[in-house]
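# Coordinates in review
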Amino acid sequence: MEFTAQERYEFKRLLDGLRSKKGRGTELISLYIPPDKQISDVTSQLREEYGQASNIKSRVTRLSVQGSLESAMSRLKLIPKPPENGVVLFIGSVDIGANRTELFSAALEPPDPIVTYRYHCDSSFYLEPLEEMLADKRTFGLIVLDRREAAIGLLKGKYIESLKTLTSTVPGKQRKGGQSSHRFQQLRLIAIHDFYKRIGESANDAFLPIDPKDLEGILIGGPSPTKEEFVEGGFLHHELQRKVLAALDVSYTDESGLNELVDAAQEQLSDLEVTQDKEIMRRFMRELVSDKGLAAYGEKEVRHNLVLGAVDVLILSEDLRKTRAKIVCTNRSCDYTDSQTRSGSSEPVGTCLKCSSPLTIEEEVDIVSDLSKLAEMSGAEVKIISTEFEEGAQLFRAFGGIAAILRYKTSHI
């Protein structure tokens, strides 16, 4: 599944919340249930774990673990069959401070299918499989070759998939007796050309079926001059030839060479991850200083432009940690309501401007979700920008993490 910017942000925030929860002992249960796993089999295992937990010496830990297992079995009764991608359960007694704990329980369907069943019990929830789903899913074609062998593969996110290996019939550099040197070299060059052609045809078969939007680029590795001969020889389909990002030196040209190629291309891959974000920020900065001034920043001004439908691209920092709350008066005879942007749950709500009664929060949503929904209503594009590069950090520090490129100029508020 391909994440939208908002889904990626919300999923990341969900993992942040789960990561922050800690147990006092090994009493936090993480259950990863694949779509084809029988719930009855999972329940049977939890019953066995419950029986084994009776051997835990610490009474407090024993009761906490057994309580978590009971909660997990109760939750499973509500799931007759795992959904399409499987289901993940997080259950256990989490530390809430002041020497107190409370039972936490959450179930979610992951964005990608769960492949392996896992039961994990620890002082923190096991999140690695979900973190891998959050990783970049973009695809790069990989080719490593010399005149003897070649390997073709794909880089999907951080996973390398080997698709095909080829070996050549190119003769060695030493000619056999009876052959003229010129004739031998001609035959050798023909064999090399034919091998490059076979590699190109295999790469075409592997890469052309991939949606061009998903195939970010092609990396080619090998010793000199082999890789240059292949790149310059036009052995790839013209649509793929345009996607060649780099030709890099690698020592191995079998399957292990695919891993070496990815390691050698870290600079190219790293640059590509932020290319789109950098371009958006450059465009925003150009508009900010231009005579047209089709740029806005700060929550108040951007929200105003979103309501007017004037926003073309909404730019939000990935590090935003605020909420938008609907505030109501606690006095039932008073109809005062307001909206408030809050930086944390401990921030005071205040008193009613009409009757001075205390105010309370009726509804609260993450500010990124709130602004993104406004953007969707007017068809604006949403970009959630990382702070891991200079312009992204500047968005957060200098512009409060909220900015926009406008369709047309509006009056300031």
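Refer to the structure printed above.
Everything numeric here is computed off the predicted structure, so don't read it as measured data.

### Considering helix 10 (residues 299-308)
- Turning to helix 10, its buried residues number three or more, namely Glu299, Glu301, Val302, Arg303, Asn305 and Leu306.
- Looking at the buried positions of helix 10, the neighbouring elements they touch are strand 10 (295-297), strand 11 (311-317), strand 12 (323-329), strand 13 (337-342), helix 11 (367-377) and strand 16 (402-406).

### Brief notes about the pattern of salt bridges
- All chains considered together, the criterion is met by 21 salt bridges.
- Across the salt bridge formed by Arg324 and Glu299, the nearest N and O atoms sit 3.4 Å from each other. Of the two residues, Arg324 sits in strand 12 while Glu299 sits in helix 10, which places them 25 residues apart along the sequence. In terms of burial, Arg324 and Glu299 fall into one category: buried.
- A single network of salt bridges, built from pairs that share partners, joins Asp16, Arg19, Glu131 and Arg321.

### A few points about the packing of aromatic side chains
- Enumeration over the complete set of coordinates arrives at nine aromatic pairs.
- Centre to centre, the rings of Phe104 and Phe125 are 5.8 Å apart; their planes meet at 45°, and the pair counts as tilted. In this pair, Phe104 sits in strand 3 (residues 100-108) while Phe125 sits in the loop between strand 4 (118-122) and helix 4 (128-134), placing the two residues 21 residues apart along the sequence. When sorted by exposure, Phe104 lands in the same class as Phe125, which is buried.

### Quick notes on the sheet that holds strand 2 (residues 87-97)
- Pairing within the open sheet is antiparallel, and its four strands lie in the order 3-2-1-4. In the strand order of this sheet, the two ends are held by strand 3 and strand 4, each with one partner. Across the sheet, the mean angle from the axis of one strand to that of its neighbour is 15°, orientation sign disregarded.
- Relative to strand 4, strand 1 (residues 28-33) is paired through five bridges, and the arrangement is antiparallel.

How each quantity is defined
- Residues numbered from 1 in each chain as written.
- Predicted model: local features only at pLDDT ≥ 70, side-chain atom pairs only at ≥ 80, totals over all residues.
- Heavy atoms only, no water.
- Buried < 20%, exposed > 50% of the residue type's maximum accessible area, 1.4 Å probe, protein only.
- Helix = DSSP H or I, 4+ residues; strand = E, 2+ residues; numbered from the N terminus.
- Contact = heavy atoms within 4.5 Å.
- Salt bridge = Lys/Arg side-chain N within 4 Å of Asp/Glu carboxyl O.
- Phe/Tyr/Trp six-rings, centres within 6.5 Å; stacked < 30°, edge-to-face > 60°.
- Pairing = 2+ DSSP bridges.
- Axes fitted to C-alpha atoms, helices over the stretch in contact; angles between N-to-C directions.

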